[in-house]
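Listed below, chain by chain, are the residues.
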Amino acid sequence: MRHHGLVDFERKLKRVFDDVDDILEDRYGDRYKLHPSRPVRGRTSNKSQDGLFNVGASFTAGYGSEFGRGYVVQVDMVTLDRVPANVRERIEREVAELVRERLPEYFPGRDLEVVRDRNVYKVHGDLRLGRL
């Protein structure tokens with residue numbers, strides 16, 4: 001079983017990343033060939049399973065992190081093409097900014113931030129699942 005607050009939080013976070021996925025697909029979706037085994041954009045019911053991008057996050061307890069626990073932002077490009085490191089870095093920065101812009105809309109009243117934590121971007125802050 002999972003806490004209902006966690007299910008709700010992660011459902012909203014998924015919607016944030018789905019919005020960001022759409023923006024990335026519009027900006028970059030035609031610049032690289034899709035992996036041969038990957039369905040084209042819009043073919044599945046889950047944006048993480050089709051198109052060039054899979055954007056999401058994984059929870060981390062944050063041991064050894066300056067910012068502690070949070071969700072590490074993950075950006076995967078599903079292509080066999082070589083994507084230059086500077087392009088990958090630019091896309092990751094764009095994703096961080098797009099997520100940062102959308103957090104207040106999806107999580108009103110919560111103090112959530114997107115920060116650079118060593119070599120990853122992380123959503124951290126008010127991760128409470130209910131009232132104290």
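All values reported here derive from a predicted model rather than from experimental measurement. Here the residue numbering is sequential within each chain, running from 1 through the sequence in written order. Reporting in this predicted model follows two pLDDT cut-offs: at least 70 for local features of residues, and 80 or more for side-chain atom pairs to be given and counted; totals over whole chains, interfaces and linings ignore these cut-offs and use all residues. Only hydrogens and water are set aside; all other atoms, that is, all heavy atoms of the structure, feed into the side-chain values.

With respect to the overall build of the protein
Working step 1: Put simply, DSSP marks the helices as runs of H or I at least four residues long and the strands as runs of E at least two long, and each gets a number from the N terminus on. The helix and strand tally for the protein stands at 2 helices and 4 strands.
Working step 2: In terms of overall dimensions, the protein is globule-like: its C-alpha atoms have a radius of gyration of 15 Å, near the 14 Å expected for 132 residues.
Working step 3: Considering only C-alpha atoms, the protein reaches an extent of 50 × 30 × 25 Å along its principal axes.
Working step 4: For every residue, the accessible area (1.4 Å probe, protein chains only) is compared with the maximum for its type, and the residue is labelled buried under 20%, exposed over 50%, or partly exposed between those bounds. The buried share among the 132 residues of the protein stands at 40%.
Working step 5: When checking whether two residues touch, look at their non-hydrogen atoms; a contact exists if any pair is within 4.5 Å. Taking all contacts inside the protein whose residues are at least 6 apart in sequence as the whole, residues at least 24 apart take part in 57%.
Working step 6: In summary, the charge assignment counts Lys and Arg as positive and Asp and Glu as negative, without counting His or the chain termini. By convention, charge coordinates are those of NZ in Lys, CZ in Arg, CG in Asp, or CD in Glu. Taking the average place of the 25 positive charges on the side chains of the protein and the average place of its 23 negative ones, the gap between the two points comes to 2 Å. C-alpha atoms define the radius of gyration, and 2.2 Å times the number of residues to the power 0.38 defines the globule rule.

Observations regarding the packing of aromatic side chains
Working step 1: The rule is short: rings of Phe, Tyr and Trp, with Trp giving its six-membered ring, pair when the centres are within 6.5 Å, and they are stacked under 30 degrees, edge-to-face over 60, tilted in between. Scanning the model with the defined rule gives 4 aromatic pairs in all.
Working step 2: An angle of 40° between the planes, with centres 4.7 Å apart, marks the rings of Phe9 and Phe107 as tilted. You can see Phe9 sitting in helix 1 (residues 4–28) and its partner Phe107 sitting in the loop between helix 2 (85–106) and strand 3 (112–117), a full 98 residues away along the chain.
Working step 3: Relative to Tyr71, the ring of Phe59 lies with its centre 5.4 Å away and its plane at 70°, an arrangement referred to as edge-to-face. Of the two residues, Phe59 is situated in strand 1 (residues 53–60) and Tyr71 in strand 2 (residues 70–77); the sequence distance between them amounts to 12 residues.
Working step 4: You can call Phe59 partly exposed: its relative accessible area is 47%.
Working step 5: Among the aromatic side chains, those forming a connected cluster through ring pairs are Phe9, Phe59, Tyr71 and Phe107.
Working step 6: Sitting over the ring of Tyr121, Arg116 keeps its end group 4.6 Å from the ring centre. Whether a charge lies above a ring is judged from NZ of Lys or CZ of Arg, which has to be within 6 Å of the ring centre and within 35 degrees of the ring normal.

Remarks on the environment of Ser37
Working step 1: Assignment of secondary structure puts Ser37 in the loop between helix 1 and strand 1.
Working step 2: You can call Ser37 exposed: its relative accessible area is 61%.
Working step 3: For the pair Ser37 and Tyr63, spaced 26 residues apart in sequence, the C-alpha separation works out to 36 Å.

A short note on the nonpolar core
Working step 1: In these notes, a set of buried Ala, Val, Leu, Ile, Met, Phe, Trp, Tyr and Cys residues joined through side-chain atoms within 4.5 Å is what counts as a nonpolar core. If you look at the biggest cluster of nonpolar residues, it comprises 31 residues, and the most contacted ones within it are Leu24, Phe53, Ile91, Val95, Val99, Leu103 and Phe107.
Working step 2: Those elements giving two or more residues to this core turn out to be helix 1, strand 1, strand 2, helix 2, strand 3 and strand 4 (120–125).
Working step 3: Leaving out residues up to four positions away in the same chain, Leu24 has contacts with Gly29, Phe53, Val55, Ile91 and Val95.

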